[in-house]
Amino acid sequence: MLSKRILTMQDLSCVGQCSLTVALPVLSAYGVETCVLPTALLSNHTMFEKWSCLDLTDEARNIMNVWKQNGFKFDAFYLGYLGSASLMDVARDCFKEFSGEGCKIIIDPAFGDNGKLYPAFDSEYVAAMRKLIKSADIILPNLTEACFLCGAEYRQDASIEYIEEVIGKLSLLTDATIVLTGAEKDGLIGEVIYSDKKFSYVWAEKLPVRYHGTGDIFAAAFTANYLETASLEKASAFAGELVANSIRATDPAHGYGVNFEYALKNAK
């Protein structure tokens, strides 16, 4: 039986358990043929004190030219941390040239958290992402990213009503289904989903720790499950469980990522 063929576009961080080093093993483990288009090469992710970055925009276009000659097509695209605003145009060209029949485009904006942009990004990047999400079928922002995209105020202790208000503003910028990740209420954490002008929710126990890279694990697992089930709620619950199991398997001293490898190894 042929598996779905997905193209994931995001950076390769050599150390840090994030981006491609998460997406490739997670998607592959759940039966998805995973092809990659690295957008940048980082020494390590940007939560470390020091890091280097090589932008791969030019090489991405070289790769795409060869793919076009070979006639490659993909069943889905999953985009994460791209690295520079110039890669948004690359992504749009990729969608145009390589989308197979019924292709789904899933975008994790991946540019900020806790009310702040990641160190490599600025307002130009946010503006470019604001345009790119118009091409998406599903977007997976956290609250920080949703607020930056739609110009809303970020609130640390946002109520569900306020999160829904932010999602409503964001929905004016794109026709994509919105799955807002990391929402919290009453000791729970989960996703607020906006699809077909209706809200739905997926909740789970909130663990008392935070780690880098969990958003990438969620996005990869969500994508793998959604391609199989076409259910936003099932995919969200599935991805949330993998994240929780990865956190439980991680030593607190291991602060730069989570042990998703162990969670995958022991997944049923």
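Now for a quick tour of the structure. (Residues numbered from 1 in each chain as written. Predicted model: local features only at pLDDT ≥ 70, side-chain atom pairs only at ≥ 80, totals over all residues. Heavy atoms only, no water.)

Evaluation of the coordinates by the stated rule reveals 14 aromatic pairs. Ring geometry for F218 against F222: centres 6.1 Å apart, planes inclined by 20°, an arrangement best described as stacked. Highlighted residues: F218 and F222, both in helix 7 (residues 214-229), separated by four residues, approximately one helical turn. Residue classification places F222 among the buried residues on the basis of a relative accessible area of 0%. (Phe/Tyr/Trp six-rings, centres within 6.5 Å; stacked < 30°, edge-to-face > 60°. Helix = DSSP H or I, 4+ residues; strand = E, 2+ residues; numbered from the N terminus. Buried < 20%, exposed > 50% of the residue type's maximum accessible area, 1.4 Å probe, protein only.)

We now examine helix 5 (residues 143-150). With seven of eight residues buried, helix 5 lies mostly within the body of the structure. Taken as a whole, helix 5 has its buried residues at L143, T144, E145, A146, C147, L149 and C150. For helix 5, the secondary structure elements touched by its buried residues are strand 6 (112-113), strand 7 (116-117), helix 4 (123-132), helix 6 (160-171) and strand 9 (177-185). Measuring from the side-chain oxygen of the N-cap residue of helix 5 to the backbone nitrogen of T144 gives 3.1 Å; that N-cap residue is N142. (Contact = heavy atoms within 4.5 Å. Polar contact = N/O pair within 3.5 Å; in protein donor to acceptor, adjacent residues only side chain to side chain.)

This brings us to the pattern of salt bridges. Enumeration over the complete set of coordinates arrives at eight salt bridges. The partner of K68 in a salt bridge is E97, with the nearest N and O atoms 3.6 Å apart. One end of the pair, K68, is in helix 2 (residues 57-70); the other, E97, is in helix 3 (residues 86-98), with 29 residues separating them in the sequence. Note that D113 and R210 form a salt bridge whose closest N and O atoms lie 3.3 Å from each other. Separated by 97 residues along the polypeptide, D113 in strand 6 and R210 in the loop between strand 11 (198-205) and helix 7 bring together distant segments of the chain. A relative accessible area of 28% places D113 in the partly exposed class. (Salt bridge = Lys/Arg side-chain N within 4 Å of Asp/Glu carboxyl O.)

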